[in-house]
Amino acid sequence: MTIIPSFSESLDDPGQGSQGTGTVSKSSRDNKPRRLEVLSDKQSRLDQNLELSLRPQILRDYIGQSRLKSIFEMSIAAAKTRSEALDHVLLYGPPGLGKTTLAHVVAHEMGAKIFMTTGPGLERPRDIIGLVHQLEVGDVLFIDEIHRLSRVAEELLYPAMEDFVIDLTSGKGQATRTMRLPLPKFTLIGATTKAGMVSNALRDRFGFVCRLEFYSDEELGMIVRRTASLLGVQVKEEAVKIIALRGRGTPRIANRLVRLVRDFSQYKGISPVDDALAAEALEAYQVDAIGLDPTDRRLLEILIDTYSGGPVGIDTIAATLGEDSDTLEDVYEPFLIQKGFVQRTPRGRVATPIAYKHLNRPIPSMQLNLELT
Ligand code: ADP
């Protein structure tokens with residue numbers, strides 16, 4: 001069974017975004033924006049420790065993604081009634097939306113252990129064999145960045161996923177021998193930010209293929225409240241809203257913003273955090289009222305000022321910005337597309353009237369027509 005939406009839909013659909021209302025802090029066009037830890041896809045040790053302590057354990061505490069949650073609720077209950085492992089699951093979506101967290105929640109709800117690894121971590125056959133060897137019935141094997149699995153690893157996984165066996169080969173040439181080892185029925189949960197890079201053969205072996213959506217402001221508000229209370233920070237309701245609005249629909253970023261606001265309020269000796277303090281804290285970190293950081297704004301500036309609004313290829317934007325195109329595609333672009341600032345067309349990226357407005361640039365007549373239609 002495959003859960004909607006399909007891959008083509010997810011990759012091509014730019015999503016309907018609301019119009020930005022925030023102000024633009026004028027970043028110098030000559031200065032390459034400083035990569036902010038706030039929006040970075042990289043995780044510091046502090047982040048990792050924080051995430052461990054904040055991660056919800058059970059489905060009830062997992063906020064948002066209601067469609068996925070109800071499907072998992074039903075499937076987990078059914079699998080438990082039959083005393084079977086849950087079907088294999090592929091989770092995809094931008095970083096920080098809760099793929100790893102959901103895998104932990106599923107394992108917890110199934111009363112199973114979880115083994116974590118990454119696509120590049122399974123380079124050699126013995127990496128996989130060493131891992132599957134430890135599995136027991138119902139356990140979850142979580143493979144992050146599954147699109148980066150090597151061909152050999154992928155081929156070893158096919159029979160493991162389908163028939164719960166693994167083929168071991170030894171010797172070379174005519175002396176090659178293959179031995180088939182049975183495996184306990186386990187659940188493979190794969191996660192990726194690049195659904196289009198997962199081969200069809202691998203994708204077809206997942207029972208569920210699920211896209212994680214950006215969180216609404218209300219859902220992010222619930223996450224902000226929960227995180228603030230777990231961190232012991234008092235945050236007024238209006239400040240919760242400000243943090244949620246700047247969290248880019250992403251729990252990891254919202255949690256980072258709560259941490260920054262907490263540090264700022266401790267430094268200033270002000271508690272509880274009110275809207276003015278939250279806004280001041282986040283402006284200090286150059287996150288604007290709708291969550292855009294200097295890299296986002298520079299990307300839009302390049303698109304509008306250097307390339308007359310596009311269309312322009314992502315590699316060209318990346319080269320002009322001095323950023324890695326993978327990072328632009330995985331970390332920055334999904335939110336800009338979702339908010340309706342950028343459109344992805346077959347000829348390249350195009351800035352929308354919303355982007356012109358956000359940067360206080362006059363909307364060219366062609367774009368104006370686009371807005372009116
Ligand atoms: P991904 O694997 O998609 O990059 P993670 O699962 O690591 O994202 O999520 C990052 C952090 O965001 C988690 O540690 C957790 O604290 C928080 N988080 C993610 N999803 C949720 C959720 N649905 N409800 C509450 N917190 C969440």
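Keep in mind the model is a prediction, meaning the values are calculated, not measured.

### Description of the overall build of the chain
Then, number 1: The helix and strand tally for the chain stands at 16 helices and 9 strands.
Then, number 2: For the chain, buried positions account for 38% of its 373 residues.

### As for unusual backbone geometry
Then, number 1: Cis rather than trans, the peptide bond between Ser 271 and Pro 272 has omega equal to -5°.
Then, number 2: With respect to the secondary-structure elements, Pro 272 resides in the loop between helix H10 (251-268) and helix H11 (275-284).
Then, number 3: Cis geometry marks the peptide bond from Gly 310 to Pro 311, where omega comes out at 5°.
Then, number 4: Topologically, Pro 311 is positioned in the loop between helix H12 (294-306) and helix H13 (314-321).
Then, number 5: Of note, Gln 65 is a non-glycine position whose phi angle comes to about 45°, a positive value.
Then, number 6: Structurally, the position occupied by Gln 65 is in the loop between helix H2 (45-54) and helix H3 (66-81).
Then, number 7: According to the C-beta neighbour criterion, Gln 65 is buried, with 23 such atoms within 10 Å.

### Description of helix H14 (residues 325-338)
Then, number 1: For H14, built from 14 residues, the straight-helix expectation of 20 Å at 1.5 Å per residue is met to within 8% by its first-to-last C-alpha distance of 18 Å.
Then, number 2: Bending of H14 peaks at approximately 50° at the position of Tyr 332, with proline Pro 334 no more than four residues after it.
Then, number 3: Of the positions making up H14, those classed as buried are Leu 328, Val 331, Tyr 332, Glu 333, Pro 334, Phe 335, Leu 336 and Gln 338.
Then, number 4: On its buried face, H14 is in contact with H12, H13 and strand S8 (342-345).
Then, number 5: Following H14 by one or two positions, Gly 340 adopts a phi angle in the positive range, close to 85°.

### What about the sheet that holds strand S3 (residues 140-144)?
Then, number 1: Pairing in this open sheet of 5 strands is parallel, and the strands run S2-S3-S6-S1-S7 from one edge to the other. Two strands in the sheet have a free side with no partner beyond their single neighbour: strand S2 (114-118) and strand S7 (208-211). Sheet twist, expressed as the average angle between the axes of neighbouring strands with direction ignored, equals 15°.
Then, number 2: Strand direction decides the pairing type here: S2 and S3, joined by 5 bridges, are parallel. Across the sheet, residue Met 116 finds its bridge partner in S3, namely Phe 142.

### Quick word on the nonpolar core
Then, number 1: Of all hydrophobic cores here, the largest spans 41 residues; its most connected members are Leu 90, Leu 91, Ala 103, Val 106 and Ile 189.
Then, number 2: Elements represented by at least two residues in this core include exactly H3, strand S1 (89-92), helix H4 (99-110), helix H5 (125-132), S3, helix H6 (151-162), strand S6 (187-192) and S7.
Then, number 3: What Ala 103 contacts, discounting residues up to four positions off in sequence, is Ile 114, Val 140, Phe 142, Ile 189 and Ala 191.
Then, number 4: By size, the runner-up hydrophobic cluster in this structure holds 26 residues, among which are Leu 245, Leu 257, Val 261 and Leu 292.

### Brief notes about the packing of helix H8 (residues 217-231) against H10
Then, number 1: At their nearest, the axes of H8 and H10 sit 9 Å apart, and the two run at 45° to each other. Put simply, H8 runs oblique to H10. By crossing handedness, the relation of H8 to H10 is classed as right-handed. Contacts between H8 and H10 involve Leu 220, Ile 223, Val 224, Thr 227, Ala 228 and Leu 231 from the first element and Pro 251, Ala 254, Asn 255, Val 258 and Arg 262 from the second.

### Focus: the confidence of the model for the chain
Then, number 1: With 86% of its residues at a pLDDT of 70 or more, the chain has an overall mean of 86.
Then, number 2: Within the model, the stretch residues 1-35 combines pLDDT values under 50 with 58 contacts to residues more than four positions away or in other chains.

### Details of the environment of Met 116
Then, number 1: Structurally, Met 116 is set in strand S2.
Then, number 2: Judged by the 16 C-beta atoms lying within 10 Å of it, Met 116 is partly exposed.

### What to know about the pairing of strand S4 (residues 165-170)
Then, number 1: Counting buried positions along S4 yields 0 of 6 residues, so the element is predominantly exposed.
Then, number 2: With 6 bridges connecting them, S4 and strand S5 (residues 177-182) associate as antiparallel partners. Looking across to S5, one finds that Ile 166 is bridged to Leu 181.
Then, number 3: The antiparallel hairpin formed by S4 and S5 contains 6 residues in its connecting segment, where Gly 171 sits at a positive phi of about 80°.

Conventions we followed
- Residues numbered from 1 in each chain as written.
- Predicted model: local features only at pLDDT ≥ 70, side-chain atom pairs only at ≥ 80, totals over all residues.
- Helix = DSSP H or I, 4+ residues; strand = E, 2+ residues; numbered from the N terminus.
- Buried ≥ 20, exposed ≤ 12 C-beta atoms within 10 Å, placed from the backbone.
- Expected span 1.5 Å × (residues − 1).
- Bend = angle between axes of the 7 residues up to and from the residue.
- Contact = placed C-beta atoms within 7 Å.
- Pairing = 2+ DSSP bridges.
- Axes fitted to C-alpha atoms, helices over the stretch in contact; angles between N-to-C directions.
- Core = buried A, V, L, I, M, F, W, Y, C linked by C-beta atoms within 7 Å.
- Parallel < 35°, antiparallel > 145°, perpendicular 65-115°, else oblique.
- Left-handed = near helix turned anticlockwise from the far one by under 90°.
- pLDDT = per-residue confidence, 0-100.

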